[in-house]
Amino acid sequence: MNPISFLTQMLRIAVPYLFAASGGVIAERSGIISLELEGLMLTGAFSATLGSHYSGSPWIGLLSGILGGLVFGLIHAVAAIRYRADQVVVGIAINLLAIGVTRFFLKLAFASSSNSPRITGFSGSPAAHGFDNPLLWMGLLAAPVLAFFIYRTPFGLRIRAVGEHPEAASSVGISVNRVRYIAVAISGMLAALGGVFLALDQHQFTDQMTSGRGFIAVAAVIFGRWDPIRAALACLLFAAAETLQIQLQGNHVIASQFVEMIPYALTIVALAGVVGRAVPPAALGKTGE
Amino acid sequence: MNARTKEQLEEALFPPLVALLVALICGDLLIISYGQSPAMVYKLLLEGTWGNAYGFGQVLYKATTLMFTGLAVSLGIRAGLFNVGAESQLAAGGFLAALVGLGLSPAIPGIIAVPLCMIAAAAGGGFVGAIPGWLKVRFGAHEVIVTIMLNFIILALLNWIIAAHLHVPETLHTPEIRTGAMPRLESVIGAFHGSAANFTILIALLTAAVVGLYLFRSRRGFELRAVGLQPDAAEYGGVSVGGVWFRALTVSGAIAGLGGINYVLGYKHYYEEGFAGGSGYLGIAVALVGRNHPVGVVLAALFFATLSQGGLAIHAFVPKQMVEVLQGVVILAVAMSVPEVRAVLRRGRKPVTA
C-alpha cells in the first residue's frame, strides 16, 4: 500500500466529516441537538453546484454553498428556539426537506433527476494530490480553530455556558437565545462546507450525494464527546477505516458492510460508557420547557 | 362533549390543520415556480389517488406500512421515548418474514404459514427494538442516538447477508417465499386490479385497535403513559420505569417489524435490499401528525400515502419531488405549531382549581 495515496484518499474522505462534525459540535455545545448535519451538507453541496454552475467560479460556489447552509441552519434555529419545537423532529424534518428541495430544484434548474452538469471545482495539478485545494486546508483547520473559539474566546465561553446551564448564563446577562441562534447559524455554514467540498471535488451534484456522511459526523461528535479536537480525531479514524477497506477491496479480507458499521458501533459503545462515558452538554435539547 | 375533551381535541387538531395550510401554500409556490396552475395540479393529485380504484389501492398499500411505523413511533412517544429506529426494525421484520417463508415447506397452507411469518416479523423488529431498550435501562444510553446508529448497523448487516448468501444472482433480493403470501385485495374487490393493496391493511387496522386498547384501557398502558408524562412521579407511584422503557421500545420495534409483511408477504414475496425506503423515518411524521393517537395515526398514514402516490399522478406536470418537499414542510410546521397552539389555547383559559 502506497502511504501517499493512503493519506490523500483518507483526507479526501475525512474533509466532509471534519466540516460537518465541527458544525455539530458548536450547535450541540450551545444546547441544540444537531441531527440535521446530513441535510445541511446536502443543501451546501447543491447550493455550491448552483453557484459554481451559473458563475463558473468555485469561489462563488463556495459562498453560495455557505449561504444555503445558513438558510437551513436558520430554519432549524427558528423552529427549535423561537417555536420550541422538538429538536429531534426538526432535525429529521430538515433532512427530509433537504432531500426534497435539492431534488425538486435539480429538476427545475438542470431538468435531471440524478445529477447536475459538470461544474468548475478547485482543480489543481495532479502532482499536488489535491493538497492545492483550499477547502482541504479549511477542513483540516476547522477543528483547531473551533477549539480555540470555544475554549479561548468570550463568545465561546458563552456558547458553553448556555449549553450547560442556560439559567445561570441568563442570570449574568447573556441572551441565551441570541447565543444559540449564532451557534446554530455557524453550525449550518460549517456543515454546508462539507457538502461544498463534495460537490466541487466531484465536479457535480448527484442526488443524495452525501449518502449518510452527515450521520457519520453525528457519530463523530458523540464519539468525540462534544470536543472539537476529539471529534476531528474520530472523523480521521472513521475515514482511515474506510480508506483501508477501499484499498484492501480486492483482497476480500473483510466485507465492506462491516467496515461501514465501525463508526456507528463505536458510537454505541461510547454511549454505553464501556470506555469512558460520553456525557452530552447538560442542557442539550432542553428548549421546550 | 365536556369542556375537557373539547380542549384536548382542539390541542390535538389545530397543529395538523395549520400544517396542512402551510403545506398548501408552499405547494402553490412550488407549482407556480414550475409554471403550472396549482388548482389543476391539486385536482390531478386527488384524481390520481382517491379518484380511481388503482390509485386508491396504491394509497392503501403505502398507508399500510406507514400505519405500522407510525404506530410504532407513537407508542414510544407515549412512553416518553423517541424510536428513530423504525426503518431498520421494519427491514429486520421483513427479512425474518421472508426467511420463514423461504424455509417452510410449500405444502404448509397460508392459514398457518402467514401467522408464522408474522410472528417472525414481529420478533425481528422486536429484537432490534430491544437493543436500545436494554442499553437505555442498563447504561442510560440515549435511545435517539442508539436507534439512529442501529439503523445503519442493521441495514448494513442485512445487506451483507443478502449480498453474501441469499440473493438471486444479478439482483438485490432473496428468492420468492415458498408459502405465506398474503392475498391481494383485488382477489375480493376486482376494481383494485393491479394495485399492491393486500390484506395486511386489516392487520394494520387491528394493530391500531390493539394499541389503542393497550394504551388507554390496560394497566400496562396506563403505566406506560404515566412514565411518558412524568417518569419520576411514576417511579414514586410504584411503576418500574426501566421495565416500561424496555417493554415500550421492544413492542415499538415489534410493531414496526410487523410492517415488513406488507411488502414481503403482500406485494413482492421476497425481501429486497432497501425495501423500507424511508417508511421508518416517515413513521415519525405519521406519529407526529397523528398526534400519537391510533386513530390519528391511521388518518395521518393515509394522508402521507396520498401525498406519496399523488406525486406520481402529477409527475407529468410538476416533478414528483414536490411532495417530498411538502412532507418535510408538514413535519416542520406540526413540530413548530404544537407548543405554540398549546401556549395560545392555555393563555385563553381560566386556571382550573383543584
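Not measured: the values here are computed from a predicted model.

*Asks:* What's the story with the overall build of chain B in this structure? I'm lost.
*Replies:* A count of helical and extended segments in chain B gives 14 helices and zero strands. Taking 354 residues into account, the globule formula puts the C-alpha radius of gyration at 20 Å, and chain B, at 21 Å, falls close to it. Seen along its three principal axes, the alpha-carbon backbone of chain B occupies a region of about 65 × 60 × 35 Å. Sorting the 354 residues of chain B into buried and exposed places 56% on the buried side.

*Asks:* How do you make sense of the overall build of chain A when you look at a structure like this?
*Replies:* Counting secondary structure elements, chain A contains 11 helices and zero strands. Its C-alpha atoms give chain A a radius of gyration of 19 Å, within 12% of the compact-globule value 19 Å for 289 residues. For chain A, the spread of C-alpha atoms along the three principal axes comes to 55 × 45 × 30 Å. For chain A, with 289 residues in total, the buried portion stands at 56%.

*Asks:* Any chance you could explain helix H2 (residues 38–49) of chain B here in plain terms?
*Replies:* Because the α-helix completes a turn every 3.6 residues, residues three or four places apart line up on one side. Compared with the 16 Å implied by 1.5 Å per residue over 12 residues, the 17 Å span of H2 of chain B between its first and last C-alpha is a close match. Elements that come into contact with the buried residues of H2 of chain B comprise helix H1 (3–33), helix H3 (53–78) and helix H13 (294–314) of chain B.

*Asks:* It is not clear to me how the interface of chain A and chain B should be interpreted in this structure. Could you clarify?
*Replies:* Where interface size is quoted, it is often the accessible area lost as the parts come together. The interface is formed by 36 residues belonging to chain A together with 37 residues belonging to chain B. The set of elements that each furnish at least two residues to the side of chain A that touches chain B consists of helix H4 (87–110), helix H9 (213–223) and helix H11 (256–272) of chain A. Tallied by class, residues from the side of chain A that touches chain B come to 25 nonpolar, six polar and five charged.

*Asks:* Before we go on, may I ask you to explain the nonpolar core in this structure?
*Replies:* Within soluble globular proteins, side chains that are nonpolar generally end up buried alongside one another. With 222 residues, the main nonpolar core has Tyr 17, Ala 21, Ala 220 and Cys 235 of chain A together with Ala 301 and Ala 335 of chain B as its most contacted residues. At 16 residues, helix H8 (residues 176–202) of chain A tops the list of elements feeding residues into this core. Not counting the four nearest positions on each side in its chain, Ala 220 of chain A is found in contact with Tyr 17, Ala 21, Ala 231, Ala 234, Cys 235 and Phe 238 of chain A.

*Asks:* Is there a simple way to think about the environment of Pro 281 of chain A in this case?
*Replies:* All names here are of chain A. Position of Pro 281 relative to the elements: it lies in the segment after H11. Separated by 61 residues in the primary sequence, Pro 281 and Ala 220 have C-alpha atoms spaced 15 Å apart. The contact partners of Pro 281, leaving out residues within four places of it in the chain, are Glu 28, Arg 29, Gly 31, Gly 163, Glu 164 and Trp 226.

*Asks:* How do you make sense of the confidence of the model for chain B when you look at a structure like this?
*Replies:* Low-pLDDT portions of the prediction should not be read for the details of their coordinates. For chain B, per-residue confidence averages 92 on the pLDDT scale, and 98% of positions sit at 70 or higher. Taken together, the chains of this predicted complex give a pTM of 0.92 and an interface ipTM of 0.89.

*Asks:* Please clarify how unusual backbone geometry should be interpreted in this entry.
*Replies:* A negative phi angle is the norm for most residues apart from glycine, just as the trans form is the norm for most peptide bonds. At His 203 of chain A, a position not held by glycine, the phi torsion is positive, near 60°. The residue His 203 of chain A is located in the loop between H8 and H9 in this model. Given 16 C-beta atoms within 10 Å, His 203 of chain A falls into the partly exposed group. Positive phi, normally seen in glycine, also occurs at Glu 170 of chain B, with a value near 70°. Position of Glu 170 of chain B among the secondary structure elements: in the loop between helix H6 (143–166) and helix H7 (200–217).

*Asks:* I keep staring at the packing of helix H1 (residues 3–29) of chain A against H9 of chain A and nothing clicks. Help me out?
*Replies:* Residue and element names in this part refer to chain A. The geometry of H1 relative to H9 is characterised by a closest axis approach of 8 Å and an angle of 55° between their N-to-C directions. By the angle between their directions, the pair H1 and H9 is classed as oblique. As for how H1 packs across H9, the hand of that crossing is right-handed. Contact with H1, carried on its side by Pro 16, Tyr 17, Ala 20, Ala 21, Gly 24, Val 25 and Glu 28, involves Arg 213, Gly 214, Ile 216, Ala 217, Val 218, Ala 220 and Val 221 of H9 and no other residues of that element. When its residues are assigned to classes, the contact of H1 with H9 shows 10 nonpolar, two polar and two charged.

*Asks:* Is there a simple way to explain the packing of helix H10 (residues 228–247) of chain A against H11 of chain A in this structure?
*Replies:* To describe two helices that pack against each other, one gives the angle between their axes and the distance between the axes. Residue and element names in this part refer to chain A. Taken N-terminus to C-terminus, the directions of H10 and H11 make an angle of 175°; their axes are 9 Å apart at the nearest point. When the axes of H10 and H11 are compared, the pair comes out roughly antiparallel. Every residue of H11 that contacts H10 at Phe 238, Ala 241, Glu 242 and Gln 245 is listed here: Ser 256, Val 259, Ile 262 and Pro 263. For the contact of H10 with H11, the residue count by class is five nonpolar, two polar and one charged.

*Asks:* When you look at the environment of Leu 345 of chain B in this model, what are you seeing that I'm missing?
*Replies:* Residue and element names in this part refer to chain B. The residue Leu 345 is located in helix H14 (residues 321–347) in this model. On the basis of neighbour counts, which here come to 13 C-beta atoms within 10 Å, the residue Leu 345 falls in the partly exposed class. It is 8.2 Å that separates the C-alpha atoms of Leu 345 and Glu 7, two residues lying 338 residues apart in sequence. If we skip the residues at most four places from it in the chain, Leu 345 touches Glu 7, Glu 10 and Glu 11.

Each value, and the rule that gives it
The residue numbers shown here count from 1 along each chain, following its written sequence. Whichever chain is written first becomes A and whichever ligand is written first becomes 1, with later ones labelled in order. Reporting in this predicted model follows two pLDDT cut-offs: at least 70 for local features of residues, and 80 or more for side-chain atom pairs to be given and counted; totals over whole chains, interfaces and linings ignore these cut-offs and use all residues. The helix count covers DSSP runs of H or I at least four residues long, the strand count covers runs of E at least two residues long, and both are numbered beginning at the N terminus. Radius of gyration means the value over C-alpha atoms here, while the globule rule gives 2.2 Å times the residue count to the 0.38 power. With C-beta atoms placed from the backbone, a residue is labelled by how many other C-beta atoms lie within 10 Å of its own: buried for 20 or more, exposed for 12 or fewer, partly exposed between the two. The span expected for a helix works out to 1.5 Å for each residue beyond the first. Any residue pair is listed as a contact if its two C-beta atoms, each placed from the backbone, are within 7 Å. Under this grouping Gly is polar, as are all residues other than the nonpolar Ala, Val, Leu, Ile, Met, Phe, Trp, Tyr, Cys and Pro and the charged Asp, Glu, Lys and Arg. We call a set of buried Ala, Val, Leu, Ile, Met, Phe, Trp, Tyr and Cys residues a nonpolar core when their C-beta atoms link them within 7 Å. Per-residue confidence from the predictor is reported as pLDDT, a score between 0 and 100. To get an axis, fit a line to the C-alpha atoms, keeping to the stretch in contact for a helix; angles then go from 0 to 180 degrees between the N-to-C directions. Should an angle fall under 35 degrees it is called roughly parallel, over 145 degrees roughly antiparallel, and 65 to 115 degrees roughly perpendicular, with every other angle called oblique. Helix crossings fall into two classes, left-handed where the near helix is turned counterclockwise from the far one by less than a right angle and right-handed where it is turned clockwise.

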